[in-house]
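So the chains spell out like this:
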Amino acid sequence: MGFNTKKGKKKKFFPFKLPTAITILFLLILLIIIISWIPGTTKEWVDDQGVSHGGGPLGILDLFNAPIQGFAENVTVIIFILIIGGYLGIVMKSKALDAGIGRLVKKLNGKEIWIIPAIMIILSIGGTVEGMCEETIPYYLIIIPALLAAGFDVITGVLVILLGAGVGVMFSTLNPFAIGAASAVSNISVGDGLIWRLVCWILGTAGTIGFVMWYALKVKRNPTKSIVYDLQKEHHETFLTNEQLPEFTKKRKIILGLFGLTFVVMIFCIVPWDRLIFGDEGGIFKDANDWLKIHFPYITGRIPAFGDWTILTLGFFFFFASIIIAAIDWHGEENYVKDFVSGSSELLGVAFIIAVASGIGWALSSSGMDKVVLDSLSGTISGLPKTALVLIGFLIFLILAFFIPSTSGLAAAAFPVISGLVAPLGLQSGMITAFVMASGWINLFAPSAGIMMAGLAISKVPLTKFYQAIWPYTLGITVFILGMLAIGTLLPNSIF
């Protein structure tokens, strides 16, 4: 009894299987709820507008309330993701992407490895300047098939996208959501500390690209070295087609050109060019947009200027682009709607993961638990030497960033206290650098990071497999960050 008589092996009646990403997130919310029952872990607080919030313990039913609140707090991101899914559904139906990727791989002929640094540099620039995060979601369904066709694995694609944009955010130079928000609260210029942040970004990006290329080459030379080798068949069935390579017709070339153009426009429109070039007084893009609204109000009446586009504006843009591409490869109105809805449904699970992950932040903030953590940690850094102050500050920000995933939200919550403590030492910009490195670090690895979890869901990569692949990088980048922060405290305040 309990044995397989044919093979003589004991049956596993209860084989251990790791839970799904969504289950892991629900378990974290449950843990927060249970901790909130311990006296002293929650508190009431008053926000910047003078509104009092009750805080206090959470209830068991909040386990199911948290994801709904997460949906509400991330509705713009979720709308963007669903529209991106529909847009990609239209593009995929045309077979233009399949034809283009196939031709690209053939043309590179052994030089496919250079796709990796080219993509990662672009994403890293987006991360360091603009805080590119949610905008990377569509890249998974584009880059992973190309890298699979070139002989790499799905983990390579995840690392290219997640670490490409992530290292840029981690070593932000001008990111308005991190550097801008923290500098405004601290009453210093965004340019303070820019020189050292730029050095950190260049070195950090170079090292990150080196790590990804090392892993990619290892897998290409020996596919059994892939962390997800056991999932290879599933990944190839999901991301690659067994059909004959479609003909690269003139129509598909036009669609592929428009497809590439949409992403160029996306990057161009979300970088705040006027603020970067002209400061807060506006500039040529705002003036041009105002002129268009006056002379062509029936076309551009509600579209913001280039550089001021939001996630919702990008949603409009990709929806409009899907109609243009469908018109070129027209199969009727009914098929357009069907293909768009089908594409959106492919990313519905991703949207749900983002909502549940955001539910963790809602549970922490609504109970006041995040305020308890901030109050207990803020006093720990006073009276320390400069180097110890910044290094311990980094570790404190790691903890705080888990409780408050939003960089602008964390800046608003923490810097009114921390900035006052470090101002006499001239370390305000240095502490901001520690803050962006910590928040960027945690959002690459923590299960509460919704965009990271969403990327893994799209890629069909279990969280444990991702951690197995990423741990050498995690160790290396942590040592690098601590070293650069320590060196920075020895430099003049004008640099660090």
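Every chain is numbered independently, its residues counted from 1 as its sequence is written. Note on the predicted model: pLDDT of at least 70 is required for a residue's local features to be given, and 80 or more for side-chain atom pairs to be given and counted; whole-chain, interface and lining totals, by contrast, use all residues. Remark: hydrogens and water are excluded; side-chain values derive from all non-hydrogen atoms of the structure.

1. Quick notes on the overall build of the protein chain
We count a stretch as a helix when DSSP gives it H or I for four or more residues in a row; a strand needs E for two or more, and each element gets its number in order from the N terminus. In terms of regular secondary structure, the protein chain is built from 23 helices and four strands. If you line up the protein chain on its principal axes, its C-alpha atoms span 85 × 70 × 45 Å. Buried positions account for 50% of the 496 residues belonging to the protein chain. Pairs at least 24 residues apart make up 79% of the contacts formed inside the protein chain by residues separated by at least 6 positions. Each residue is placed in one exposure class: buried if its accessible area under a 1.4 Å probe, protein chains only, is under 20% of its type's maximum, exposed if it is over 50%, and partly exposed if it falls in between. The contact criterion used is simple: two residues touch if any of their non-hydrogen atoms lie within 4.5 Å.

2. Notes on the environment of M431
Among the structural elements, M431 can be located in helix α21 (residues 428-445). Of the residues examined, M431 reaches a relative accessible area of 0% and is grouped as buried. Taking the C-alpha atoms as reference points, M431 and I101, 330 residues apart in sequence, are found 44 Å from one another. Setting aside anything within four residues of it in sequence, one finds M431 in contact with L389, V390, G393, F397, F415, I418 and V422.

3. Here we look at the pattern of salt bridges
A pair can form between side chains of opposite charge whenever their charged atoms are brought close. Within this document, salt bridges are pairs made up of a side-chain nitrogen of Lys or Arg and a carboxyl oxygen of Asp or Glu, the two lying within 4 Å of each other. Enumeration over the complete set of coordinates arrives at four salt bridges. Between K251 and D329 there is a salt bridge; the shortest N-O distance is 3.9 Å. Here D329 lies in the loop between α15 (311-328) and α16 (333-346) and K251 lies in helix α11 (residues 250-270), a separation of 78 residues in the sequence. Given a relative accessible area of 14%, D329 falls into the buried group.

4. Let's talk about the confidence of the model for the protein chain
Each residue gets a pLDDT score, which is the predictor's confidence in that residue and runs from 0 to 100. Mean pLDDT for the protein chain: 84, with 92% of residues reaching 70 or above. Overall, residues 1-14 carries pLDDT values under 50, and its contacts beyond four positions in sequence, including any with other chains, amount to eight contacts.

5. So, the layout of surface pockets
With a 1 Å grid spanning the protein atoms alone, the term cavity applies to any set of points in which a 1.4 Å probe fits but cannot get out, the term pocket to an open set with protein on both sides within 12 Å along at least five of seven lines, and the term lining residue to any residue with an atom within 4 Å of a point. Grid points are joined across faces, edges and corners, and a volume is the space filled by probe spheres set on the points. Empty space within the second largest pocket amounts to approximately 990 Å³. Lining the second largest pocket are 33 residues, and of these M92, D98, P145, T238 and F239 lie nearest its centre. Those elements that place two or more of their residues in the lining of the second largest pocket are α3 (75-94), α4 (96-108), α6 (140-149), α10 (232-239), α16 and α22 (450-459). Among the elements that take part in the lining of the second largest pocket, α4 stands out by supplying six residues, more than any other. Class assignment of the residues belonging to the lining of the second largest pocket gives a composition of 16 nonpolar, eight polar and nine charged. Residues are grouped as follows: Ala, Val, Leu, Ile, Met, Phe, Trp, Tyr, Cys and Pro are nonpolar; Asp, Glu, Lys and Arg are charged; every other residue, Gly included, is polar.

6. Regarding a nonpolar patch on the surface
Surface patches are drawn from residues lacking salt bridges whose relative accessible area is over 30%; two like charges belong together within 9 Å, two nonpolar side chains (Val, Leu, Ile, Met, Phe, Trp, Tyr) within 5 Å. Here the open area of atoms and residues is found with the Shrake-Rupley method and a 1.4 Å probe, where only the protein chains shown may cover a residue. Taken together, the side chains of W291, L292, F296, Y298 and I299 present a nonpolar region at the surface, about 640 Å² in accessible area. Counting residues per element, the ones that place at least two in the nonpolar patch are α13 (284-295) and α14 (297-300). Residue placement: L292 occurs in helix α13. Of the residues examined, L292 reaches a relative accessible area of 31% and is grouped as partly exposed.

7. With respect to α4
In this model α4 runs 18 Å from its N-terminal to its C-terminal C-alpha over 13 residues, within 8% of the 18 Å that 1.5 Å per residue would give. All buried positions along α4 are accounted for by A96, L97, A99, G100, I101, G102 and V105. Of the surrounding elements, those touching the buried residues of α4 are α3, α6 and α11. One or two positions beyond α4, positive phi appears at N109, with a value near 45 degrees. One fewer than the residue count of a helix, multiplied by 1.5 Å, yields its expected span.

8. What to know about the packing of α3 against α11
Two elements in contact, α3 and α11, have axes whose closest approach is 10 Å; the angle formed by their N-to-C orientations is 155 degrees. What the angle tells us is that α3 and α11 run roughly antiparallel. Relative to α11, the crossing made by α3 is left-handed. Here α3 contributes Y87, L88, V91 and S94 to the contact with α11, which in turn contributes R252, I255, L258, F259, T262 and F263. Every angle, taken between N-to-C directions, lies between 0 and 180 degrees, and every axis is a line fitted to C-alpha atoms, over only the stretch in contact when it is a helix. Angles are sorted into four bins: roughly parallel if under 35 degrees, roughly antiparallel if over 145, roughly perpendicular if 65 to 115, and oblique for all others. Here a crossing is called left-handed whenever its near helix is offset anticlockwise from the far helix by less than a right angle, and right-handed whenever the offset is clockwise.

9. Describing α22
With nine of ten residues buried, α22 is to be regarded as a mostly interior element. Taken together, the buried positions of α22 are occupied by G450, I451, M452, M453, A454, G455, L456, I458 and S459. Positive phi shows up at K460, right after α22, with a value of about 60 degrees.

10. Let's talk about the packing of aromatic side chains
Each aromatic pair joins two rings of Phe, Tyr and Trp (for Trp, the six-membered one) with centres within 6.5 Å, and gets the label stacked for planes under 30 degrees apart, edge-to-face for over 60, and tilted for any other angle. A full pass over the atoms with the stated rule returns 19 aromatic pairs. Judged by centre distance (5.9 Å) and plane angle (40 degrees), the rings of F71 and F352 are tilted. Placement of the pair is F71 in helix α2 (residues 62-73) and F352 in helix α17 (residues 348-367), with a sequence separation of 281 residues. With a centroid separation of 5.7 Å and an interplanar angle of 75 degrees, the aromatic rings of F319 and F340 are classed as edge-to-face. Note that F319 is positioned in helix α15 and F340 in helix α16, a separation of 21 residues in sequence. You can call F319 partly exposed: its relative accessible area is 39%.

11. Some thoughts on empty space enclosed by the protein
For the structure shown, the criterion picks out one cavity of 30 Å³ or more. Put simply, the largest cavity is a space of about 90 Å³. Contributing to the lining of the largest cavity are I90, K93, S94, I325, A326, D329, W330, H331, G332, N335, Y336 and D339. Every element with two or more residues in the lining of the largest cavity is listed here: α3, α15 and α16.

12. Overview of the nonpolar core
Nine residue types can take part in a nonpolar core, namely buried Ala, Val, Leu, Ile, Met, Phe, Trp, Tyr and Cys, and a core is a set of them joined through side-chain atoms within 4.5 Å. Counting 146 residues, the largest nonpolar core has F397 and F466 as its most contacted members. Residues in contact with F466, not counting those within four places in the same chain, are I155, V158, L159, L162, L444, M452, L456 and V461.

13. Considering unusual backbone geometry
Across residues other than glycine, the phi torsion is negative in most instances, and most of the peptide bonds are trans. Of note in the backbone geometry, N187 takes a positive phi value of approximately 60 degrees without being a glycine. Checked against the element boundaries, N187 lands in the loop between α8 (176-186) and α9 (194-221). Positive phi, normally seen in glycine, also occurs at K460, with a value near 60 degrees. With respect to the helices, strands and loops of the structure, K460 is situated in the loop between α22 and α23 (463-488).

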